[in-house]
Each structure stands twice: as structure tokens, then as C-alpha cells.
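Chain and residue survey
Spelled out, the chains give:
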Amino acid sequence: MAEAVADEKKKKISTWRALGLALSNRKSGFMALFGFAQGLPPALFLGTLYAWLSEAEVDLETMGVFSLVGLAYAFQFLWSPLLDKVDIPGLRKLGKRKQWIAPMQLIVGIALLIMSLLDPKSALGWFSLLAAIGAFASATQDIAINAWRIDVADETATLDILSTITQMGFRLAALIGGALGLIIAERIGWPQTYVIMGAIMLGIGIAGLFAPDASVEKRSAATVAANEDEVAELYNAGEVTEKVRNRALLAVGLLWGWAIATVVVFMVRSMTATPENRPDVTEFTTTFGPLVVIATVVLPAFIAAWIAKQKQVGRNVIVSAPGVGAGHRVKFTDHLYRALVLPLVEFVGRMGWSLVLILALVLTYRICDSIWGVFAYPFYLGELNYSGDQVAFASKFFGVFAIILGLALGGWIITQFGRMFTLTLGAALAAATNLLYADLAIGGELMQAGSDAIGFTALVNFIAGVFQMSEIEGLARLTFTIFWENLAIGIAGAAYIAWLSSIVAKKYAAVQYALLASLTLLVGTLGRGALGQMIEERGYYFVFIFTTLIGVIAVILCLAEWYRESRGKAAAGVVAPELGEQAA
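Our subject in this report is the structure included herewith. (Residues numbered from 1 in each chain as written. Predicted model: local features only at pLDDT ≥ 70, side-chain atom pairs only at ≥ 80, totals over all residues. Heavy atoms only, no water.)

To continue, consider helix H20 (residues 445-453). All buried positions along H20 are accounted for by Met447, Gln448 and Ser451. All buried residues of H20 project into a common sector of 100° when viewed along the axis, lining one side. For H20, the exposed residues set more than 90 degrees away from the buried face come down to Glu445, Leu446 and Ala453. Residues of H20 that are buried make contact with helix H19 (419-441), helix H21 (456-466) and helix H22 (475-502). Of the residues flanking the end of H20, it is glycine 455, one or two places downstream, whose phi is positive at about 80°. (Buried < 20%, exposed > 50% of the residue type's maximum accessible area, 1.4 Å probe, protein only. Helix = DSSP H or I, 4+ residues; strand = E, 2+ residues; numbered from the N terminus. Arc of directions from axis to C-beta. Contact = heavy atoms within 4.5 Å.)

Using the criterion set out here, one finds 25 aromatic pairs in the structure. Relative to tryptophan 562, the ring of phenylalanine 421 lies with its centre 6.2 Å away and its plane at 75°, an arrangement referred to as edge-to-face. Separated by 141 residues along the polypeptide, phenylalanine 421 in helix H19 and tryptophan 562 in helix H24 (residues 540-571) bring together distant segments of the chain. Ring geometry for phenylalanine 456 against phenylalanine 480: centres 5.5 Å apart, planes inclined by 75°, an arrangement best described as edge-to-face. A residue pair is termed long-range when its members are at least 10 positions apart, and phenylalanine 456 in helix H21 and phenylalanine 480 in helix H22 qualify at 24 residues. In this pair, the class of phenylalanine 456 matches that of phenylalanine 480, namely buried. (Phe/Tyr/Trp six-rings, centres within 6.5 Å; stacked < 30°, edge-to-face > 60°.)

The next subject is the environment of phenylalanine 393. When you line up the elements, phenylalanine 393 lands in helix H18 (residues 388-417). Its relative accessible area of 6% is what places phenylalanine 393 among the buried residues. Separated by 71 residues in the primary sequence, phenylalanine 393 and alanine 464 have C-alpha atoms spaced 8.1 Å apart.

Core analysis: the largest hydrophobic core is formed by 116 residues, its most contacted members being Phe77, Leu78, Leu423, Trp499 and Ile503. Counting residues per element, this core draws most heavily on helix H7 (residues 124-152), which supplies 13 residues. Other than its neighbours up to four places away in sequence, isoleucine 503 contacts Phe347, Arg350, Met351, Ile358, Leu516 and Glu565. Phe379, Ile482, Ile535 and Phe544 belong to the second-largest nonpolar core, a separate cluster that totals 19 residues. (Core = buried A, V, L, I, M, F, W, Y, C linked by side-chain atoms within 4.5 Å.)

Once that is clear, we can look at unusual backbone geometry. Working note: non-glycine residues mostly have negative phi, and peptide bonds are mostly trans. Its identity is not glycine, yet asparagine 316 carries a phi of approximately 55°, on the positive side. Mapped onto the elements, asparagine 316 comes out in the loop between helix H12 (281-313) and helix H13 (332-340). By relative accessible area, asparagine 316 is classed as partly exposed at 38%. Even without glycine at this site, asparagine 385 takes up a positive phi of about 60°. Relative to the assigned elements, asparagine 385 resides in the loop between helix H17 (376-383) and H18. Assessed through its relative accessible area of 60%, asparagine 385 is described here as exposed.

Everything listed here is a matter of coordinates, which is why it stays silent on function.
Following this line, the structure appears as C-alpha cells:
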């Protein structure tokens, strides 16, 4: 008995020591910095910027055009293959990921600084162009940073810890670029605020030059030669024939080409057409968004599955070959095939039918908060009649703190109980918090009672008094509800990013992660129109019960994925998940 207690104590000490080493690791420091760099630009280009435009008396129709910059984040996977396979001339020595991360951060910083010199109303064309360039650079650095996190993870700075740190940096940046940005602008003005934010991004870009990169990915002549050998391996025995590869490449290329052209044409039309002839952003996103994802993810996945099947059964494959690409000159189409098709072939071939489970989980895991998010302010302000100051107090002050706390708690739970336990717990908590909102929709008596019972009401009233908020009736139950929801979102977010990072292959991390992450946005985009109609017809209470039931589906899928991973580890002879476990 005493030995068992001692062993358990040693295990806990070992876990805490591993956690401490991970947090003090140099990679963790840069991960926090990069996570911050991921969160700051969206806050400035998609949130705070609208306050500046409003102050400059820019009309709402024109502001709608600025929402187009959000397409860069929604469709970033379209250019993700470039980051896996293309080097920037003169920057190869920085590392495979850093050669993209640092320049993009510098571009964002420069864009913010130039924007600070312009008047939004008189120089709207340049203003919108700079915002678009900044958003594109920001989305590009996101692709590279997500891949960098997967590349550099090791036994000390584990993938789980780095994923948690990423989200913490991201949320902190959202607070600074959002709420703090508004406060600073009130005191020193918008141009000066954007100068400060631009300088921060420039500083991060310079610091990023000194970040570690995966040593195996350093760009050298030997690495370039190795990459050529990998392409040449397409001609080895057992690989599909060149004819099959070219057919698959043509099909995938046409699908991706259509998707890219569709997005580019829409953006050009929106930026150049007169207000009455501009296409509707929401209509485009809900109509063409799913089609773009189908063209770039779903249909190519079927093509990849067909190729994997050909290789498995030995049909349309090279029967014999003298060696690695011997006698074959590597062609441009081979490089394109390796960039566009091979990441999907690898993923589909590795996952098999489990891919259906993974895609279902990706599509449903964040559904509770992703669909409901856009209706939050109409619910708070219109349905519950809270003031803007009260909502800002609850969501920006307590809410952001709760998310950061949830991320830290999620990281700790991962180290104690494992990634899949935390993923499942996060899904259950995210679904359950919709019940809190359901109570709030019918008066919030339970929320008020809970807030009173734990002393939360007294705390909220005290802090509200410090901020000299005159109307605090009902503020405690609103803050109480938002606090617990955001705490759940933090726990779920830490686990989800860690899980998503763990199922992609390092060799194709940029493409595979970007594609999976894009699917997370799909259901939220598709479901908002239907949810809005449901709110109109049934009311908020019914909708919150409904989204809770949808969240239960994600919990069931998490349990299924947990079982799948456990069965795979058992088959491989792995007894328990390692703290530093990561994608191969």
C-alpha cells in the first residue's frame, strides 16, 4: 500500500517537473510569442478596425467590404501547399517554417504602421489594400506557425503543452488588440494605437529570426537533394503509374484552380464594383464557402482514397524499378503532385475508414460556440436588454480571463489525464454550458442562485463598483454564465488544438493541418442562417437546448475516437500515452 502511494507521488512529481521544464523551454517562449502574433492581427483587421472606421464616419456599406479580409483566414488552406514545398529565395537558411513566419510578421507590422499614417475616409482604397495585405500575411504566418509547432515539439516541450501555450498567447493578443486597443485609442487616438501595434508585430518578427526550427528541416543543399530523392521515389516499384498520378493531379488541380479563381474574382468584384453592384459577403460565404471546401477537401479526399486503394491492391502500379527514381528525370508535375495530392494520399492511406470519424469530429467539435457566437450580442443586448458596458464588462473582462484560465487548466488536465480525456471533457463542458444560457434566456434564476451561493455576485458587484458602473442589476448572472462558458471553451480549445496537431504528419503538416482547421469553420458558416431562423421561430431557450443536444454528438464522437486511438496503441504494444507523444 505504502509503495503504491509512493509510486503515485513520484508520478505526480515527475509530471509537474515535466510541465515545469516544458514551460521554461526556449521553444515554449517562442510559442507564446508566435501565438500572440497569430491573435493580434485578426483583432486589429477584423474587430478594432471597425471602431476606427466608425469614428472616421465611413458608411456601413463600405465597412462591409472590409469584412472580405476575413476570407484570407477562412480559405488559407488554398495556398498552404506552397509553404510545405516552396522556399523563399535568400531565406532558406532560416529554416523551413521560419522563412515564412518572420517575413509575414514583418509585413503585418509594416502594414499596420502605414495604415496609421492614412486617413480611413480620404484614403479608403489604400487603407483597404493594406488591410487585405496584412490579413493575407497574417493568415500565411498562421499556416507556418501551426506547422512549426508540430515540427519542434519534443519530449520536453510536448505538442500538448505547445498547443495550450499557442491558445493562451492568441487569447491574450485578442484582449490587447481588442479591449485594450479601444482603451488606448480613447486616450491617444487611433493612428498612435496602430503605431504601437505595428511596432509590436515588427518586434515579434525580428525576435522570430532567433526562434529554433526543427533541425531536420533546415534548408541546405543536402536537404534539397533529399527532397529531390523523395520526389524520385514516386517512380519506385509499388507506386502508382505516372499516368494515374497525372490524372489525379489534373483533377485536383482543376478543383483547386476553380476554388482559387472563385475567391479571387469575388474579392476583385467586391473591391472594384460600385456599392449597389457589390456581391453580398454573407451570401457568398454560405453559398460558395461549402462548395470551395468540397472542391478542395472532400473531392480530393475521394481521389486520394482511390489512389491509396490502387496501391493497396497493386493495380495501376509500377511493377519493377531499378532503384530510387533511377532512369527517370523528376518533372515539374511530380513536384505539383507531391505538394497537392500526396498529403491527402498519405492522410487517407494512414487513416483509412477512420477518416470518416475524424472528419465528423472536426465538423462537430466546436459547433456549440462557433454557430452561437454571432448571435451573442443580439442575445445580450436585444433579448436580455443589457447595456453595452455591462456586456463588455462580462465578456471582455471576465470572459477573456476565463478563457485563459480554461486554457491553463486544460493544459494541466492533459498532462495529468491525457489528451483524449481532456478532449472528451471539453466537448461535454462546451455542450453543458448551453444549458446555462437556456436558464438565462428564461430569467436566469438558477444562474443568480449559483452566483450568490459561491460569492461570485459580491465579487462582480465590487469590481463593477470600482469601474463606477451605475447599473449592475442582473450583471452577476450574466457574468457568471459567460465565465463558465469561456472556461469550458478554454479547456476544449487546448485539447482540440493538441489533438488536431497530433493526427497530422510532420512531413505534410502545413497542408493537412490547414485543411482540417478549415473544416472547423464550415459547420458554423452553414448553420448560422438556419440557427437565426430557428431563433426567430422558436426563441433562444429552444435553440440553447437544441445546441446542447448537438454537442452531445461531439461527445459521442470523442469517445469513439478515444477508443480508436486506444485500440491502435494496444495493437502497437503501447500501454499508455506518453507525455511527449506527437505526430510521426
